[in-house]
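If you want the building blocks of each chain, they are given just below.
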Amino acid sequence: MPSIDLTGKVAVVTGSGRGLGLAYAQALAAAGASVVVNDIDEAVAEAAVKSITEAGGTAVAEVVPVGTTEAADQLVGRAVEEFGRLDILVTNAGILRDKVLWKMSDDDFDAVITTHLKGTFTCARAAAIRMREQGEGGSLILVGSPAGQRGNFGQTNYAAAKAGIVAFARTWAMELGRANITVNAIVPVAATAMTETIPVFAPYVEALREGKPFPDFLRKGEGFGTPEDCAALVPFLASEAARGVTGQAIGIGGDKVALWSHPQEIKAAYANGGWTPEALADVWPTSLGAEPQTVGVPAPKIPEA
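Figured I'd write up the structure that's included with this text. (Residues numbered from 1 in each chain as written. Predicted model: local features only at pLDDT ≥ 70, side-chain atom pairs only at ≥ 80, totals over all residues. Heavy atoms only, no water.)

## Quick notes on the sheet that holds strand β3 (residues 58-63)
Sheet strands associate in pairs through backbone hydrogen bonding, adopting either a parallel or an antiparallel arrangement.
Here is step 1 of the chain: Strand order in the open sheet formed by eight strands is β3-β2-β1-β4-β5-β6-β7-β8, and the pairing between neighbours is mixed. A strand with exactly one partner marks an edge of an open sheet, and here the two such strands are β3 and β8 (256-259). For this sheet, the mean angle separating the axes of adjacent strands, direction not counted, is 20°.
Here is step 2 of the chain: In the sheet, strand β5 (residues 138-143) pairs with strand β6 (residues 181-188) via six bridges, with the strands oriented parallel. Across the sheet, L142 pairs through a bridge with A185, a residue of β6.
Here is step 3 of the chain: This element, helix α1 (residues 19-30), spans β1 (10-14), β2 (34-39), β4 (88-91), β5 and β6 of the sheet and lies at about 170° to β1.
Here is step 4 of the chain: Docked against the sheet, helix α6 (residues 156-175) engages β5, β6 and β7 (249-253), running at close to 160° with respect to β5. (Pairing = 2+ DSSP bridges. Helix = DSSP H or I, 4+ residues; strand = E, 2+ residues; numbered from the N terminus. Axes fitted to C-alpha atoms, helices over the stretch in contact; angles between N-to-C directions. Contact = heavy atoms within 4.5 Å.)

Here you go:
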């Protein structure tokens with residue numbers, strides 16, 4: 001197997017004080033990269049840096065909420081100021097404001113879109129500008145979610161943002177290809193503060209805290225594990241081994257890694273001269289509508305005792 005060596009590379013990981021972001025930052029540092037850790041809580045950010053440096057890695061903290069152009073410039077500027085360059089950006093920062101459509105306020109919607117979608121855009125733009133100036137390529141690793149791939153009840157804002165982030169990856173992979181900058185979306189599934197609120201996962205997350213491992217039906221069947229289980233994908237995508245991988249949406253969790261398909265037409269019907277509403281109503285039940293697509297993140301299939 002090729003060695004994943006990121007020595008001399010510099011990474012910014014947004015939202016990396018805890019959970020998945022911290023696992024990504026630690027994995028990059030373990031592979032040799034210098035890392036700018038980002039969080040909105042200074043104590044949390046500094047604790048994350050300490051965990052990396054005590055393990056022999058190199059990291060500094062930058063405390064700022066992502067979303068604005070100023071925050072993005074601050075993060076990229078810190079990487080250049082401390083380490084002289086920027087090679088890797090991981091856009092992990094995120095928040096939740098879950099409510100059903102008719103109860104979701106403008107503030108609920110705007111806060112999530114600002115952090116996830118605009119935060120990814122502003123940070124990626126600032127990183128792309130710097131990487132293009134350096135002229136040596138780079139890696140943008142954007143963090144999606146199964147909710148963005150399939151929708152999820154009560155997550156209008158989050159699902160929309162995460163779907164948009166995967167669309168970013170496909171678009172930017174084309175735009176930045178000539179600059180040798182790869183752009184991919186990852187779709188992690190792990191036990192975090194976000195997923196432990198899902199009732200079916202809660203008892204297993206609690207058992208994990210007590211030192212009990214996840215059962216195989218979760219790790220393999222559902223691809224659900226710890227944040228550390230998701231971390232390997234990030235240094236891989238940032239390495240020369242993945243230089244030809246771009247524009248992809250890749251899921252990871254537990255013992256499972258998977259390639260998500262891009263949306264595509266799966267069935268078509270034709271009418272000479274075009275369609276009328278009546279003709280559509282006539283053909284739908286036996287043609288396009290015969291096997292409708294499912295929506296929502298499937299619930300785990302718990303084995304019977």
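Here the narrative resumes, following the displayed structure.
## Concerning the pattern of salt bridges
Here is step 1 of the chain: Summed over all chains, the structure comprises 13 salt bridges.
Here is step 2 of the chain: Here K50 and E54 are joined by a salt bridge, their closest N and O atoms 3.8 Å apart. With a gap of four residues between them, K50 and E54 both fall in helix α2 (residues 42-54), about one helical turn apart.
Here is step 3 of the chain: Residue R78 is joined to E62 by a salt bridge in which the shortest nitrogen-to-oxygen separation is 2.5 Å. Of the two residues, R78 is situated in helix α3 (residues 69-83) and E62 in strand β3; the sequence distance between them amounts to 16 residues. (Salt bridge = Lys/Arg side-chain N within 4 Å of Asp/Glu carboxyl O.)

## Some points on α1
Here is step 1 of the chain: With twelve residues, α1 ought to run about 16 Å at 1.5 Å a step, and its terminal C-alpha atoms sit 17 Å apart, in line with that.
Here is step 2 of the chain: Burial of α1 is extensive: nine of the twelve residues sit out of reach of the surface.
Here is step 3 of the chain: Those residues of α1 not exposed but buried are L20, G21, L22, A23, Y24, A25, A27, L28 and A29.
Here is step 4 of the chain: One or two residues past the end of α1 sits G32, with phi positive at roughly 110°. (Expected span 1.5 Å × (residues − 1). Buried < 20%, exposed > 50% of the residue type's maximum accessible area, 1.4 Å probe, protein only.)

## Focus: empty space enclosed by the protein
Here is step 1 of the chain: Considering all chains together, one arrives at one cavity of 30 Å³ or more under this definition.
Here is step 2 of the chain: When its volume is computed, the largest cavity comes out at roughly 40 Å³.
Here is step 3 of the chain: Contributing to the lining of the largest cavity are T14, V66, T91, N92, A93, T115, H116, G119, T120 and C123.
Here is step 4 of the chain: Along the lines of polarity and charge, the residues of the lining of the largest cavity split into three nonpolar, seven polar and no charged. (1 Å grid on protein atoms, 1.4 Å probe; cavity = no way out; pocket = protein on both sides within 12 Å on 5 of 7 lines; lining within 4 Å. Points joined across faces, edges and corners; volume = space filled by probe spheres on them. Nonpolar A, V, L, I, M, F, W, Y, C, P; charged D, E, K, R; others polar.)

## Comments concerning the environment of K99
Here is step 1 of the chain: With respect to the secondary-structure elements, K99 resides in the loop between β4 and α4 (106-134).
Here is step 2 of the chain: For K99, a relative accessible area of 35% puts it in the partly exposed group.
Here is step 3 of the chain: Discounting residues that sit within four places of it in the chain, K99 has contacts with M104, D108, G154 and Q155.

## Quick word on the side chain of E62
Here is step 1 of the chain: Overall, the relative accessible area of 12% leaves E62 in the buried class.
Here is step 2 of the chain: A distance of 2.5 Å separates polar atoms of two side chains, one belonging to E62 and the other to R78.
Here is step 3 of the chain: Aside from chain neighbours lying at most four places away, what touches E62 is V36, V37, N38, D39, Q74, L75 and R78. (Polar contact = N/O pair within 3.5 Å; in protein donor to acceptor, adjacent residues only side chain to side chain.)

## Considerations on the environment of T276
Here is step 1 of the chain: Here T276 lies in the loop between β8 and α11 (277-283).
Here is step 2 of the chain: Residues T276 and F121, spaced 155 residues apart in sequence, show a C-alpha to C-alpha distance of 41 Å.

## Focus: the layout of surface pockets
Here is step 1 of the chain: Computed from the structure, the second largest pocket encloses a volume of approximately 420 Å³.
Here is step 2 of the chain: Around the second largest pocket sit 16 residues that line it, and Q149, W260, S261, H262 and P263 are the ones nearest its centre.
Here is step 3 of the chain: Going through the elements one at a time, α5 (146-150) and α6 are the ones with two or more residues in the lining of the second largest pocket.
Here is step 4 of the chain: It is α6 that contributes the most residues to the lining of the second largest pocket, four residues altogether.
Here is step 5 of the chain: Split into classes, the residues belonging to the lining of the second largest pocket amount to seven nonpolar, seven polar and two charged.

## Some thoughts on unusual backbone geometry
Here is step 1 of the chain: Even without glycine at this site, N180 takes up a positive phi of about 60°.
Here is step 2 of the chain: For N180, the location among the structural elements is in the loop between α6 and β6.

## Topic: the packing of aromatic side chains
Here is step 1 of the chain: The final tally for this structure, using the stated rule, is three aromatic pairs.
Here is step 2 of the chain: Between the aromatic rings of F168 and W172, the centroid separation amounts to 4.4 Å while the plane-to-plane angle is 15°, which identifies the pairing as stacked. Residue F168 and its partner W172 are both found in helix α6; the two are separated by four residues, about one turn of the helix.
Here is step 3 of the chain: Arranged with centres 5.7 Å apart and planes meeting at 75°, the rings of Y204 and F217 form a pair that is edge-to-face. Here F217 lies in helix α8 (residues 216-222) and Y204 lies in helix α7 (residues 202-209), a separation of 13 residues in the sequence.
Here is step 4 of the chain: Relative accessible area serves as the criterion here: at 18%, F217 is assigned to the buried category. (Phe/Tyr/Trp six-rings, centres within 6.5 Å; stacked < 30°, edge-to-face > 60°.)

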